Amino acid sequence: MGDGLIRLEGVWKKFRRGERHDSLRDLIPALGRSLLRRQPEGDLGRQEFWALQDVSFVVEPGEALGIIGPNGAGKSTVLKILIRLLRPTHGRALLRGRVGSLIEIGGSLHPDLTGRENIFLQGSIMGMRRAEIARRFDAIVEFSGLGDFIDTPVKRFSSGMHARLGFSVAAHLETDVLIIDEVLAVGDAAFQRKAFDRMKEMVSRGVPAVIVSHQLERIASLCNSAILLVQGRVACEGAPAECIGAYARQQSAPAAAEEPTDGLRLDAIAIAGPQPVPSGGRIEAVVSGEAPPARQGLRHIVGVRVRSLQTGDVVFATGTLSHRLELPAGPFDLAVELQMNVPPGIYAVETTSGPWRRDRDGRSGPATLVHVDGGQGFSGPVQLNCAMRVAPRDGAGEKSRV
Amino acid sequence: MTNPPPLRQDPSRPHPIVALRDDLREMIQELVQYRELLLTMTRRDLLLRYKQTIMGFGWSILMPVTYMIVFSLIFTRVVKLETGAPYPIYAYAGLLPWNFFASSLRFAVGSLTSNSTLVTKVYFPREILPFSIILVSLVDFAVGAIVLAGLMAWYGVGLHWTVLLLPVVVLVQILFTAGVTLLLAMGNLFFRDVKYLLEILITLWMFATSVVYPVDRIGGQLGGLLGLNPMTPIIEAYRAILLHGTLPAAGPFAWAAAVSVVLLAVSWLAFHRAEFRFAENI
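This report concerns the structure included in the present document. For clarity, every value in this text was computed on a predicted model and none was experimentally measured. (Residues numbered from 1 in each chain as written. Chains lettered and ligands numbered in written order. Predicted model: local features only at pLDDT ≥ 70, side-chain atom pairs only at ≥ 80, totals over all residues. Heavy atoms only, no water.)

Helices and strands together make up the secondary structure of chain A, namely nine helices and 17 strands. Taking all 402 residues of chain A together, 48% fall into the buried category. Here the contacts in chain A between residues at least 6 apart in sequence split such that 75% fall between residues at least 24 apart. Accessible area of chain A: about 20,600 Å², with a carbon and sulfur share of 50%. (Helix = DSSP H or I, 4+ residues; strand = E, 2+ residues; numbered from the N terminus. Buried < 20%, exposed > 50% of the residue type's maximum accessible area, 1.4 Å probe, protein only. Contact = heavy atoms within 4.5 Å. Areas by Shrake-Rupley, 256 points an atom, 1.4 Å probe, with all protein chains shown as cover.)

Quick look at the structure:
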């Protein structure tokens, strides 16, 4: 273990819209057309479109890459190319090591076979030896929590049981590479927790992983890098927080035009101190960058936004302008102190930069994540630092006796 | 950017000979790596049949036995046919291997399309699916052989040393069957018509093979054409080694063996190279 590698090099994938000819009746005219006019591979036919355009990434051992994006962005296509179900039209996909793929797991369970028989079937489809499966059998059953139902035909399982069985088999594979599609949403909350911990453990053991999920919080806490796919293109790549922020912005205000550069540059944002931070705790983020010399009538501002990854909403935003700060010309460090008066969860601290304008946010800059956990318990969107006192009212006890 | 960069000399596309060698190596490697899946799939199919039908393996005997009875009536009562062995045993010795061949084809043609959830979600060498069908039919073949043994005892046909050649004949038949099923399963994935054409093909093919009567009685140009059919020498080989105690006719059997090997090699290679298009075309 530990020598797995995932690499995608300039991958393009062409798909066809609408119905494909799959009977001889349609084939003959289609063949005639293609004989008359040979179409180069790089061109698009009438019904064709690029499902992926020039997607590249490398995932080394111990790394986990999260792929996020709206439906139909090409996330699953990337995974299917990785596990060799599809071949790219252009470019190359390389996977080194034994692959554990969890793509719509449970889909390959046979309804008429029992859970036990399916464990062996599923395991051998994933390339496990019978003896290997037998050795892990008890662990698989225990992980799935199916207990006595293991000898029941899978068709009598609830959908949750179905998914749990599928995941449990996959989670006990000895894999060098993990490919995971939307399986973090399997089963009830307790099982999800367990499945998540299992994946985290595999990644920490050095198994490179590619994960597709709409649960952005899970991506944020499991992955150390991410890409955002929009209509088959990489719209953003980098830290999970940056991609998640870009995704959230893209969803709320899609296709905002890129602001012209004005010389103000933000390089990084870092948060000192241990995490998670308790609810109501203080953090200090340092934004480093470089500002151009001030010019008359042009104020350079740095904006800071805090976004909840649970909802995708900005919960707080401010900027240097509101704090009456002038940025010095040349390299600077901007310290931002925040009191996290928010419920537990993962938050992205995002930055923006640009000349001040009433209707614009400015260019997005680097972002980072804050885990908020523990502290005073409460629910709702804001921590109002509530204090409570209770005391017996004077004379109340005597009156009630009358 | 809406188009990919122009195609450079793609380093991933090697010389055809190198590609052929790499593909062959990959095919063998994958089959070795996934051999347990082949057995598990076979076990699954047998298990399912046993679970879902009352007669279980009885069905594997019923078809050849029924045909044997029908053709025995025709060729002993209606028309007398000289076959060199009692007709029922002659017919059954042809129907049994024919049924192995035909049922492999019948079930394998839909083996990819009926497992579409597997084909679109998990990677494994897809030839496992048709191959496991052949293994299941082989089990049926073995069960049906019990009836043949019974018939031989009834008619007093003794065993000869030539029975030792049985594995060779079975192997040649398996190779030929594998070559045909790969083409059918792949063809049916791209064009669902194949399944319907197959029914007609199997019927025609049966009467073009020495299953219930010796086709060499058909002379002339048609007879010459039928002589190319590799199934006839295979079935005649079973009769030779089991019923007559003679060696299979060398020329025709060598022809059948050669056709089987070449067909399997070509169709397996074609299958392997088309495999990556299965998931998006199913």
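So, next bit.
Counting its regular elements, chain B contains 12 helices and zero strands. Counting helices and strands in the order they occur from the N terminus, chain B gives α-α-α-α-α-α-α-α-α-α-α-α. The principal-axis extent of the C-alpha atoms belonging to chain B is close to 80 × 45 × 35 Å. Approximately 13,600 Å² of chain B is accessible, and the part contributed by carbon and sulfur atoms is 71%.

Here Ala163 of chain A shows up in helix H5 (residues 159-171). Residues Ala163 of chain A and Leu109 of chain A, 54 residues apart in the sequence, show an inter-C-alpha distance of 9.4 Å.

Within the largest apolar cluster, 82 residues are counted, with the highest numbers of intra-cluster contacts made by Trp98, Phe124, Val212 and Phe278 of chain B. The next biggest cluster of nonpolar side chains, apart from the first, holds 54 residues, and it includes Ile133, Ala195, Ile346 and Ala348 of chain A. (Core = buried A, V, L, I, M, F, W, Y, C linked by side-chain atoms within 4.5 Å.)

Moving on, we come to the sheet that holds strand E10 (residues 265-271) of chain A. All names here are of chain A. Pairing in this open sheet of three strands is antiparallel, and the strands run E10-E12-E15 from one edge to the other. Where the open sheet ends on each side, the last strands, each with one partner, are E10 and strand E15 (330-339). Going across the sheet, the axis of each strand differs from the next one's by a mean of 20°, ignoring polarity. With 10 bridges joining them, strand E12 (residues 282-291) and E15 adopt antiparallel strand pairing. Opposite Glu290, over in E15, you have Pro331 as the bridge partner. (Pairing = 2+ DSSP bridges. Axes fitted to C-alpha atoms, helices over the stretch in contact; angles between N-to-C directions.)

We now examine unusual backbone geometry. Residue and element names in this part refer to chain A. Even without being a glycine, Gln231 presents a positive backbone phi close to 50°. Relative to the helices and strands, Gln231 is located in the loop between strand E8 (225-230) and strand E9 (233-238). Even without being a glycine, Asn385 presents a positive backbone phi close to 50°. Secondary-structure assignment places Asn385 in the loop between strand E17 (363-375) and helix H9 (396-399).

On the surface, a cluster of nonpolar side chains totalling about 470 Å² of accessible area is made up of Ile54, Met55, Trp59 and Leu62 of chain B. Among the structural elements, Leu62 of chain B can be located in helix H3 (residues 58-78). (Patch = residues over 30% accessible without salt bridge, like charges linked within 9 Å, V, L, I, M, F, W, Y side chains within 5 Å. Salt bridge = Lys/Arg side-chain N within 4 Å of Asp/Glu carboxyl O.)

A separate point is the sheet that holds strand E4 (residues 90-96) of chain A. All names here are of chain A. Pairing is antiparallel in the open sheet, where three strands are placed in the order E2-E1-E4. Sheet topology places strand E2 (48-59) and E4 at the edges, where each strand pairs with a single neighbour. The average angle at which neighbouring strand axes cross in this sheet is 20°, direction not considered. Pairing between strand E1 (residues 5-16) and E2: eight bridges, direction antiparallel. Across the sheet, Arg7 pairs through a bridge with Val58, a residue of E2. Here helix H2 (residues 75-82) sits on the sheet and contacts E1, E2 and E4; the angle it forms with E1, its principal contact strand, is near 120°.

With that settled, consider the packing of helix H4 (residues 87-108) of chain B against helix H7 (residues 166-190) of chain B. Residues and elements named next belong to chain B. Look at H4 against H7: their axes get within 9 Å of each other, and the N-to-C directions meet at 25°. Judged by the inter-axis angle, H4 sits roughly parallel to H7. In this structure, the crossing between H4 and H7 has a hand that is right-handed. Taking contact as the criterion, the partners of Pro97, Phe100, Phe101, Ser104, Leu105 and Ala108 in H4 are, on H7, Gln173, Ile174, Phe176, Thr177, Val180, Thr181, Leu184 and Ala185. Taken together, the residues that form the contact of H4 with H7 break down as 10 nonpolar, four polar and no charged. (Parallel < 35°, antiparallel > 145°, perpendicular 65-115°, else oblique. Left-handed = near helix turned anticlockwise from the far one by under 90°. Nonpolar A, V, L, I, M, F, W, Y, C, P; charged D, E, K, R; others polar.)

Let us look at the pairing of strand E14 (residues 314-319) of chain A. Residue and element names in this part refer to chain A. Pairing analysis gives five bridges linking strand E13 (residues 300-308) to E14, with the strands arranged antiparallel. Its bridge partner lying in E14, Val304 is registered against Thr318. The hairpin formed by E13 and E14 contains five residues between the paired strands, and Gly312 there has a positive phi angle of roughly 80°.

It is worth spelling out the packing of H7 of chain B against helix H8 (residues 193-207) of chain B at this point. All names here are of chain B. Relative orientation of the contacting elements H7 and H8 amounts to 150°, with a least axis distance of 10 Å. Taken together, the axes of H7 and H8 lie roughly antiparallel to each other. Side by side, H7 and H8 meet where Phe176, Val180, Leu184, Gly187 and Asn188 of the first sit next to Val194, Lys195, Leu198 and Trp205 of the second. When the residues that make up the contact of H7 with H8 are grouped by side-chain class, the tally is six nonpolar, two polar and one charged.

Turning our eyes to something else, we now look at the packing of aromatic side chains. Applying the stated rule across the entire model yields 23 aromatic pairs over all chains. Note on Trp98 of chain B and Trp205 of chain B: the rings are 6.4 Å apart at their centroids and 70° apart in plane angle, and the pair reads as edge-to-face. Of this pair, Trp98 of chain B sits in helix H4 while Trp205 of chain B is found in helix H8, placing the two residues 107 residues apart along the sequence. What makes Trp98 of chain B buried here is its relative accessible area of 2%. In this structure Trp205 of chain B comes out as buried when scored by relative accessible area, which is 16%. Within the aromatic cluster, the residues linked to one another by ring pairs are Tyr67, Phe71, Phe75, Tyr87, Tyr90, Phe207 and Tyr213 of chain B. Across from the ring centre of Phe276 of chain B, 3.8 Å away, lies the NZ or CZ of Arg87 of chain A, which sits over that ring. One cation-aromatic arrangement involves Arg126 of chain B over Phe124 of chain B; the distance from NZ or CZ to the ring centre is 4.9 Å. (Phe/Tyr/Trp six-rings, centres within 6.5 Å; stacked < 30°, edge-to-face > 60°. Lys NZ or Arg CZ within 6 Å of the ring centre and 35° of its normal.)

Summed over all chains, the structure comprises 20 salt bridges over all chains. Arg84 of chain A is the partner of Glu26 of chain B in a salt bridge, and the nearest nitrogen-oxygen pair spans 3.9 Å. Residue Glu26 of chain B is found in helix H1 (residues 16-33), and its partner Arg84 of chain A is found in the loop between H2 and E4; the two belong to separate chains. In this structure Glu26 of chain B comes out as partly exposed when scored by relative accessible area, which is 29%. We classify Arg84 of chain A as partly exposed; its relative accessible area is 44%. A salt bridge links Arg44 of chain B to Asp45 of chain B, with the shortest nitrogen-to-oxygen separation between them at 3.3 Å. Put simply, Arg7, Glu9 and Arg92 of chain A are held in one network by salt bridges that share partners.

Compared with the 36 Å implied by 1.5 Å per residue over 25 residues, the 36 Å span of H7 of chain B between its first and last C-alpha is a close match. When you tally the buried positions in H7 of chain B, you get 18 out of 25 residues, the bulk of the element. (Expected span 1.5 Å × (residues − 1).)

It is worth spelling out H1 of chain B at this point. All names here are of chain B. Compared with the 26 Å implied by 1.5 Å per residue over 18 residues, the 25 Å span of H1 between its first and last C-alpha is a close match. Where H1 is concerned, the buried positions are Ala19, Asp23, Met27 and Glu30. Buried residues along H1 cover an arc of 75° about the axis, so they all sit on one side. In the core, the buried residues of H1 are packed alongside helix H11 (250-274). (Arc of directions from axis to C-beta.)

The values reported here are purely geometric and, on their own, carry no functional implication.
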